[in-house]
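# Structural description and commentary
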Amino acid sequence: MVRRIVVGVSGSERSGAAVRRALREARTGPAEVLLVHAWRPPGGERGYLRYPDSPALAQARAGAAARLAEVLRGARAQAGPDTPVRGALVRGRPHRALVAVADRGADLLVLGTSRSLLRRGLRRSVTAHCVRHAGCPVLAVPAP
């Protein structure tokens, strides 16, 4: 049976640590790795509903796709030959997007964490939300 490992990526150093850990986990047995990059339209969902074909929306989507492509290239270079690595670009808030993808058959969700207490205090923790709500085990990888 092939395990499905979902990894939250953003292009940050923290998400890079999560990708490296997920690839190590994948080497322990047959597994596929799915890198998920969540992005939000300029102005949030209301902005999207109001201007669904705006140039700013296309630019935001293209920027997110470029970040995901860059992370995918690096992950595929590090992955073993028998480990398929795919990417998914999901529109929405990261915590909700990751839980939604993980709840569709993932065996493990791997996320990078922030060491900064100030940063964690100023915004919601994606990792904490996923630990509470994901229907699969969550592995929180500290930043290097």
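We now turn to the structure provided with this report. On a predicted model such as this, the values are computed, not experimentally measured, just so you know.

This next bit is on the packing of helix α1 (residues 13–26) against helix α3 (residues 55–78). In contact at an axis separation of 10 Å, α1 and α3 are set at 35 degrees when each is read in the N-to-C sense. Pair α1 / α3 crosses with right-handed handedness. Residue-level contacts link Val19, Arg20 and Leu23 of α1 to Val71, Ala75 and Gln78 of α3. Here the residues of the contact of α1 with α3 are counted per class, giving 4 nonpolar, 1 polar and 1 charged.

All right, on to the pairing of strand β1 (residues 3–8) then. Burial of β1 is extensive: 5 of the 6 residues sit out of reach of the surface. As judged from the 6 bridges shared by β1 and strand β2 (residues 31–39), these two strands associate in the parallel manner. Each bridged residue has a counterpart across the sheet, and for Arg3 the counterpart in β2 is Ala31. Once you follow β1 into α1 and on to β2, the crossover reads as right-handed. As paired strands, β1 and strand β4 (residues 108–112) are joined by 3 bridges and run parallel to one another. Bridging across to β4, Val7 finds its partner in Val110.

Let's shift gears to the state of the cysteines. Tallying each qualifying case throughout the model produces 0 disulfides. Between Cys130, a free cysteine, and Cys136, which holds the nearest cysteine sulfur, the sulfur-to-sulfur gap is 8.8 Å. Looking at Cys130, the relative accessible area reads 0%, which means it is buried. Taking the relative accessible area as the measure of exposure, Cys136 reaches 10% and is therefore buried.

The rules behind each value
- Residues numbered from 1 in each chain as written.
- Predicted model: local features only at pLDDT ≥ 70, side-chain atom pairs only at ≥ 80, totals over all residues.
- Heavy atoms only, no water.
- Axes fitted to C-alpha atoms, helices over the stretch in contact; angles between N-to-C directions.
- Helix = DSSP H or I, 4+ residues; strand = E, 2+ residues; numbered from the N terminus.
- Left-handed = near helix turned anticlockwise from the far one by under 90°.
- Contact = heavy atoms within 4.5 Å.
- Nonpolar A, V, L, I, M, F, W, Y, C, P; charged D, E, K, R; others polar.
- Buried < 20%, exposed > 50% of the residue type's maximum accessible area, 1.4 Å probe, protein only.
- Pairing = 2+ DSSP bridges.
- Right-handed = clockwise from strand over helix to strand, strands pointing away.
- Disulfide = S-S within 2.5 Å.

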